[in-house]
Amino acid sequence: MAASPIPSDPDLERSFWRLYRDFFDQAERRRRWSIRDDIPWENCNPNLDPCVADVVESFCGVELYLPDYTSKILPVVRSSRGRTWFYANWGYEESKHSLVLGDWLLRSGQRTDEQMADLEKMVFQGEWNLPHDNHLGMLVYAMTQELATWLNYRNLRRRAEERGGDPALEKLLTLVAVDEKAHFTFFKDCVELYLKFDRPATLEQMRGVMNNFAMQAIHDLLTDSRQRVAQVKALEIFNEDLYYREVYLPILEALGVSRNEMRNRLPSRKTEPVA
Ligand SMILES: [Fe+2]
Ligand SMILES: [Fe+2]
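Cut-off values and rules
- Residues numbered from 1 in each chain as written.
- Chains lettered and ligands numbered in written order.
- Predicted model: local features only at pLDDT ≥ 70, side-chain atom pairs only at ≥ 80, totals over all residues.
- Heavy atoms only, no water.
- Salt bridge = Lys/Arg side-chain N within 4 Å of Asp/Glu carboxyl O.
- Helix = DSSP H or I, 4+ residues; strand = E, 2+ residues; numbered from the N terminus.
- Buried < 20%, exposed > 50% of the residue type's maximum accessible area, 1.4 Å probe, protein only.
- Core = buried A, V, L, I, M, F, W, Y, C linked by side-chain atoms within 4.5 Å.
- Contact = heavy atoms within 4.5 Å.
- Donors = N, O, S within 2.8 Å, 3.2 Å for Na, K, Ca; no water.
- Tetrahedral: all angles 85-135°; square planar, octahedral: opposite > 155°, others 65-115°.
- Expected span 1.5 Å × (residues − 1).
- Polar contact = N/O pair within 3.5 Å; in protein donor to acceptor, adjacent residues only side chain to side chain.
- Disulfide = S-S within 2.5 Å.
- Arc of directions from axis to C-beta.

A. The arrangement of the pattern of salt bridges in detail. Applying the stated criterion to the full structure yields 17 salt bridges. Salt-bridge contacts for R111 lead to E57; the nearest nitrogen and oxygen are separated by 2.7 Å. One end of the pair, R111, is in the loop between α4 (81–107) and α5 (113–125); the other, E57, is in helix α2 (residues 50–63), and 54 residues separate them in sequence. Both residues of the pair, R111 and E57, belong to the buried class. One salt bridge in this structure joins R154 and E246, with 3.3 Å as the shortest N-O distance. You can see R154 sitting in helix α6 (residues 135–162) and its partner E246 sitting in helix α11 (residues 240–255), a full 92 residues away along the chain. By relative accessible area, which is 12% here, R154 ends up buried. Each of E28, R31, R32, E93 and D179 takes part in a single network of salt bridges with overlapping partners.

What follows is the structure, given as structure tokens:
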């Protein structure tokens, strides 16, 4: 699906650029971490419940779609330096996520080199496409996806603690979750700017995206997706109820949007580009 590119607006662009510089400065000061040095790899637990490793593999697979995530969104945000520079930095951080999850699967002994090669082969046979054709819809989607992803990693860490413990996995999931929260905050701040700029159009996209949100990547992209989604639900890492309580409502609160404003209105207004 091709998405409409962002119309350029000098005031919005100045604000995006400021958000990006703050995001980047903070990332450099407080959030940089090393796969080699910051994970206690010697403390991998070979007796961890294998159901935790199955979910790690699914999440690693989702992170491996990075070439599609970056290559498809960059043309949409091309006219905004703040947004494109953000995605350059974002891509670096997301690349570490699949690397560190893959390293853990191997170093813990939960997967072999052959199994990891199969996972990569599966990913590169598929293709992720933009789930929304409106640039603002994609921004709302990115915001929602990042908070949902943060929740997935936080809950996976909790399940790892409960099911045998693995200090290496717990540490890396903590670091990854902090990154995901920072990504969410950047996108949320962008949506906040759009709410000030054109509230009706932004609310329309929020309704369209957030009232129908699913973990699209696992559903659509990974083989055995039914089983993978069932594993995530069985461990109570992510489900509709958790989405509503820990993603949907907190986003509304953070943006000062009421539940009433999120009611789907029928007949729905035709989507107009934000200009
Ligand atoms: Fe990630
Ligand atoms: Fe992220």
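B. Summary view of the nonpolar core. Within the largest apolar cluster, 90 residues are counted, with the highest numbers of intra-cluster contacts made by W104, M206 and M210. The element that contributes the greatest number of residues to this core is helix α7 (residues 167–197), accounting for 16 residues. Each residue touching M210, except ones within four places of it in the same chain, is listed here: V140, M143, T144, Y243, Y248, I251, L252 and M262.

C. Examining the coordination of the iron ion (ligand 2) more closely. Note on the iron ion (ligand 2): its protein donors are E94 (OE), E146 (OE), E180 (OE) and H183 (ND1). The metal-donor distances range over 1.9 to 2.3 Å. Metal-centred angles of 89 to 147° between the 4 donor atoms at the iron ion (ligand 2) mark the site as irregular. In the primary sequence, the donor residues of the iron ion (ligand 2) line up as E-x51-E-x33-E-x2-H. In this structure, the iron ion (ligand 2) lies 3.8 Å away from the iron ion (ligand 1), the two metals sharing E94 as a donor. On the criterion of sequence distance, the pair formed by E146 in helix α6 and H183 in helix α7 is long-range, its members being 37 residues apart. Each member of the pair, E146 as well as H183, is classed as buried.

D. α6, seen in detail. With 28 residues, α6 extends 41 Å from end C-alpha to end C-alpha; this agrees with the ideal 40 Å at 1.5 Å per step. You can read the cap of α6 off the contacts: a side-chain oxygen lies 2.7 Å from the backbone nitrogen of L136, and it is on N134. Positive backbone phi, at 115°, marks G164, one or two positions downstream of α6.

E. Quick peek at the environment of F186. Inspection of the secondary structure puts F186 in helix α7. Residue F186 is classed as buried on the basis of its relative accessible area of 3%. As a C-alpha pair, F186 and E146 span 40 residues in sequence and 9.9 Å in three-dimensional space.

F. Main features of the coordination of the iron ion (ligand 1). Around the iron ion (ligand 1), the donor atoms from the protein are E63 (OE), E63 (OE), E94 (OE), H97 (ND1) and E180 (OE), and they sit 1.9 to 2.7 Å away. In the primary sequence, the donor residues of the iron ion (ligand 1) line up as E-x30-E-x2-H-x82-E. A residue is classified by how much of its surface remains accessible, and E94, at 4% relative accessible area, is buried. Exposure remark for E180: the relative accessible area of 0% places this residue in the buried category.

G. Representation of the state of the cysteines. Within the structure shown, the criterion is met by 0 disulfides. The thiol of C60 is not disulfide-bonded; the next cysteine sulfur, from C44, is found 14 Å away. Look at C60 and you get buried, because its relative accessible area is 1%.

H. Geometry of α5. Taking 1.5 Å as the rise per residue, α5 with 13 residues should run 18 Å; its terminal C-alpha atoms sit 18 Å apart, in good agreement. Among all positions in α5, only M116, L119, M122 and V123 are buried. Across the axial projection of α5, the buried residues extend over an arc of 120°, all falling on one side. More than 90 degrees from the buried face of α5, the exposed residues found are D113, E114, K121, F124 and Q125.

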